[in-house]
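Below are the chains, spelled out letter by letter.
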Amino acid sequence: MYLVVLDANVWIRFARDKNIKPLTTRLLAYKLVPVVDNYLLSEIFDALVDNHWMNQEQAMGVINFIKRISAIHIGQAVPLKS
């Protein structure tokens, strides 16, 4: 398995069309595991709701699905050297 970061626009495109199967088929075929963080998930959620493509409940369903098939990356602040 290989880790891959997909841009929010990729997730939004497939979610907006309400057909994420073509994306998941490609991920499985190439043995890719998407990596997401909270910022990316919030960007996807906001785009779906703010553009009226989905209501909050539907958008939350998409976010939960993405979390189930992805590796979650928790970002850490890196201290700057003075």
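You'll find the structure just up there.
In this text, all values refer to a predicted model and were calculated from it rather than measured experimentally. (Residues numbered from 1 in each chain as written. Predicted model: local features only at pLDDT ≥ 70, side-chain atom pairs only at ≥ 80, totals over all residues. Heavy atoms only, no water.)

Participant: Honestly, helix 1 (residues 8-16) in this entry has me stumped. Any pointers?
Facilitator: An α-helical segment advances 3.6 residues per turn. Residues three or four places apart therefore align on the same side. Within helix 1, burial applies to Ala8, Trp11, Ile12, Phe14 and Ala15. Buried residues in helix 1 make contact with helix 2 (21-29), strand 2 (32-36), helix 3 (38-50) and helix 4 (56-69). With its phi angle positive at about 55°, Lys18 sits one or two positions after the end of helix 1. (Buried < 20%, exposed > 50% of the residue type's maximum accessible area, 1.4 Å probe, protein only. Helix = DSSP H or I, 4+ residues; strand = E, 2+ residues; numbered from the N terminus. Contact = heavy atoms within 4.5 Å.)

Participant: Sorry, what's going on with the pairing of strand 2 here?
Facilitator: Sheet analysis places strand 1 (residues 2-4) next to strand 2, joined by three bridges and oriented parallel. Following the sheet pairing, Tyr2 is matched in strand 2 by Leu32. With two bridges joining them, strand 2 and strand 3 (residues 71-72) adopt parallel strand pairing. The residue of strand 3 that forms the bridge with Val35 is Ala71. (Pairing = 2+ DSSP bridges.)

Participant: For this particular structure, what's the right way to read the nonpolar core?
Facilitator: Side chains of a nonpolar character, in soluble globular proteins, are inclined to be buried together. Ranked by internal contacts, the top residues of the largest apolar core, which has 21 residues, are Trp11, Leu23, Ile44, Leu48 and Ile66. Those elements that place two or more of their residues in this core are helix 1, helix 2, helix 3 and helix 4. For this core, the element with the highest residue contribution is helix 3, accounting for six residues. Apart from residues lying up to four places away in sequence, Leu23 is in contact with Leu6, Val10, Trp11 and Phe14. (Core = buried A, V, L, I, M, F, W, Y, C linked by side-chain atoms within 4.5 Å.)

Participant: Just checking my understanding: could you explain helix 4 for this structure?
Facilitator: With 14 residues, helix 4 ought to run about 20 Å at 1.5 Å a step, and its terminal C-alpha atoms sit 20 Å apart, in line with that. Of all the positions in helix 4, only Ala59, Val62, Ile63 and Ile66 are classed as buried. On an axial view of helix 4, the arc spanned by its buried residues comes to 95°, and they lie on one face. Relative to its buried face, helix 4 has exposed residues pointing more than 90 degrees away, namely Glu57 and Arg68. Residues of helix 4 that are buried sit in contact with helix 1, strand 2 and helix 3. Residue Asn55 occupies the N-cap position of helix 4, its side-chain oxygen lying 3.1 Å from the main-chain nitrogen of Glu57. (Expected span 1.5 Å × (residues − 1). Arc of directions from axis to C-beta. Polar contact = N/O pair within 3.5 Å; in protein donor to acceptor, adjacent residues only side chain to side chain.)

Taken by themselves, the reported measurements are silent on function.
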